Amino acid sequence: MADADTDRLAARRPLSPHLTIFKPILTMMMSIAHRITGAGLYVGMALLTLFLLGAAIGGGAFAAVSWIASGFIGNLIILMIVWAIFHHLLGGLRHAFWDRGLYMDPRGRELMAQGTLVGGILLTLLLYIFKTLSN
Amino acid sequence: MTVATRFTSGRTGSGEAYVADHSGSSHARFMRLTAYALMPLGVMSAWWILGLAGKSLDGVRAEIARPIPALALLAFGVVGMVHARKGMDDIIEDYVHDEALKARALVANLWASRAIAALWAFAILLIAAPK
């Protein structure tokens, strides 16, 4: 068969079952959340870079970027970045366990998924509490 | 006598989807090594990034100008963006199916990640370098 025919037939085949087909389960959601927090941190780092450049230049430049870390939007951005750091960090830690063959059984991986979700929120909360206490 | 055959997959017609580029294990190891560095750096950076919230210009500069926050944030930004570039490569390779667009997206990702890392480091050095 010619390549063109093969490609045409291949294009008509469905991709593997995806989000609309699989039942949502926690380990899957945490895998997706790991990717989303990773991509989110990319954007977050770009925003923080703008903010730091503004702070380095000062004056009007800082006034133009101060929304990134102050006010309602800024506090929300900082909260999202801090949470994403912890969630993504724990997601990576989970992979470190899995790399060593640990916690791969059904109960273990469920525990890892729950730990990532709860731990990310808990560590964020703790950081805010310690920061408030240290001020 | 051997006959040269060309593997043809049903999906792509050329078999490219099933042929390894032999960079998988070094990619995985690179992500893990940078991740180990990013664990302590990430916790420290989260602390100082939170410290930026709601600060005045002088407050922001004071937060970053001290040596340890400056060095940790500098390392976090540079190592983090190298790690982020590889991770974003994975995302692009998974979701962008058009070959020409994929190639462009990978190049854009490379330069965006380099620009963020460089400007991040530049901004921190401007604030923290001894005057």
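See the structure shown above.
Scoring rules and cut-offs
- Residues numbered from 1 in each chain as written.
- Chains lettered and ligands numbered in written order.
- Predicted model: local features only at pLDDT ≥ 70, side-chain atom pairs only at ≥ 80, totals over all residues.
- Heavy atoms only, no water.
- Helix = DSSP H or I, 4+ residues; strand = E, 2+ residues; numbered from the N terminus.
- Contact = heavy atoms within 4.5 Å.
- Areas by Shrake-Rupley, 256 points an atom, 1.4 Å probe, with all protein chains shown as cover.
- Patch = residues over 30% accessible without salt bridge, like charges linked within 9 Å, V, L, I, M, F, W, Y side chains within 5 Å.
- Salt bridge = Lys/Arg side-chain N within 4 Å of Asp/Glu carboxyl O.
- Buried area = accessible area lost by both parts, 1.4 Å probe.
- Nonpolar A, V, L, I, M, F, W, Y, C, P; charged D, E, K, R; others polar.
- Buried < 20%, exposed > 50% of the residue type's maximum accessible area, 1.4 Å probe, protein only.
- Polar contact = N/O pair within 3.5 Å; in protein donor to acceptor, adjacent residues only side chain to side chain.
- Axes fitted to C-alpha atoms, helices over the stretch in contact; angles between N-to-C directions.
- Left-handed = near helix turned anticlockwise from the far one by under 90°.
- Core = buried A, V, L, I, M, F, W, Y, C linked by side-chain atoms within 4.5 Å.
- Phe/Tyr/Trp six-rings, centres within 6.5 Å; stacked < 30°, edge-to-face > 60°.

Moving on: the overall build of chain B. When helices and strands are counted, chain B shows four helices and zero strands. Excluding contacts between residues fewer than 6 apart, the proportion of contacts in chain B whose partners are at least 24 apart in sequence is 64%. About 7,700 Å² of surface is accessible on chain B, with carbon and sulfur atoms providing 67% of the total.

Take a nonpolar patch on the surface next. Among the surface-exposed residues, L117, V118, I121, L122, L123, L125, L126, I129, F130 and L133 of chain A lie close enough to one another that they form a single nonpolar patch of about 910 Å² accessible area. Tracing the backbone shows I121 of chain A in helix α5 (residues 106-134).

Put simply, an interface is often sized by how much accessible area is lost when its parts join up. Facing the 42 residues of chain A at the interface are 50 residues of chain B. With both chains or domains summed, chain A and chain B bury close to 3,800 Å², and 72% of this area falls on carbon and sulfur atoms. On the chain A side of the interface with chain B, the three residues burying the most area are R35, Y42 and L52 of chain A, jointly 20% of the side's total. The residue D99 of chain A makes a salt bridge to R32 of chain B at a minimum N-O spacing of 2.3 Å. By residue number, the principal contributor to the side of chain A that touches chain B is helix α2 (residues 26-57) of chain A, which donates 13 residues. A breakdown of the residues in the side of chain A that touches chain B according to their chemical character gives 26 nonpolar, nine polar and seven charged.

Now for the side chain of N109 of chain B. Locating N109 of chain B in the fold gives a position in helix α4 (residues 99-128). In this structure N109 of chain B comes out as buried when scored by relative accessible area, which is 4%. A polar contact of 2.8 Å, which involves the side chain of N109 of chain B, links it to the side chain of D89 of chain B. Ignoring anything within four residues of it in the chain, the contact list for N109 of chain B reads Y42 of chain A together with R85, M88, D89 and I92 of chain B.

The subject of this paragraph is the packing of α2 of chain A against α4 of chain B. Orientation of α2 of chain A relative to α4 of chain B, taken along the N-to-C sense of each, is 35°, at an axis distance of 9 Å. Judged by the sense of rotation from one axis to the other, the crossing of α2 of chain A with α4 of chain B is left-handed. Residues Y42, M45, A46, L48, T49, L52, L53, A55 and A56 of chain A of α2 of chain A pack against N109, A112, S113, I116, L119, W120, F122, A123, I124, L126 and I127 of chain B of α4 of chain B. In the contact of α2 of chain A with α4 of chain B, the residues fall into 17 nonpolar, three polar and no charged.

By size, the foremost hydrophobic cluster in this structure holds 47 residues, and its most contacted members are F51 and L52 of chain A together with I49, F76 and W120 of chain B. Within the residue set of this core, elements represented by two or more residues are α2, α3 (60-65) and α4 (71-99) of chain A together with α1 (24-50), α2 (57-65), α3 (67-95) and α4 of chain B.

Let us now look at the packing of aromatic side chains. Given two aromatic rings, their pairing is described by the distance between the two centres and the angle made by the two planes. Residue and element names in this part refer to chain A. Across all of its chains, the model carries two aromatic pairs over all chains by this definition. Where F51 meets F62, the ring centres are 5.7 Å apart and the plane angle is 55°; that geometry is what we call tilted. Of the two residues, F51 is situated in helix α2 and F62 in helix α3; the sequence distance between them amounts to 11 residues. Ring centres of F97 and Y103 lie 5.4 Å apart, and the angle between their planes is 80°; this geometry places the pair in the edge-to-face category. Judged by relative accessible area, which is 30%, F97 ranks as partly exposed.

Our focus in this paragraph is the pattern of salt bridges. Under the criterion given, the structure shown has seven salt bridges over all chains. Salt-bridge contacts for D94 of chain B lead to R35 of chain A; the nearest nitrogen and oxygen are separated by 2.8 Å. Pair noted here: D94 of chain B is in helix α3 and R35 of chain A is in helix α2, and the two residues belong to different chains. Under the relative-accessibility criterion, D94 of chain B is labelled partly exposed at 40%. The salt bridge partner of D89 of chain B is R85 of chain B, with a shortest N-O separation of 3.4 Å. Taken together, the residues D89 of chain B and R85 of chain B, both in helix α3 and four residues apart, mark about one turn of the helix. A single salt-bridge network, built from bridges that share partners, covers K131 of chain A together with K55, E63 and R66 of chain B.

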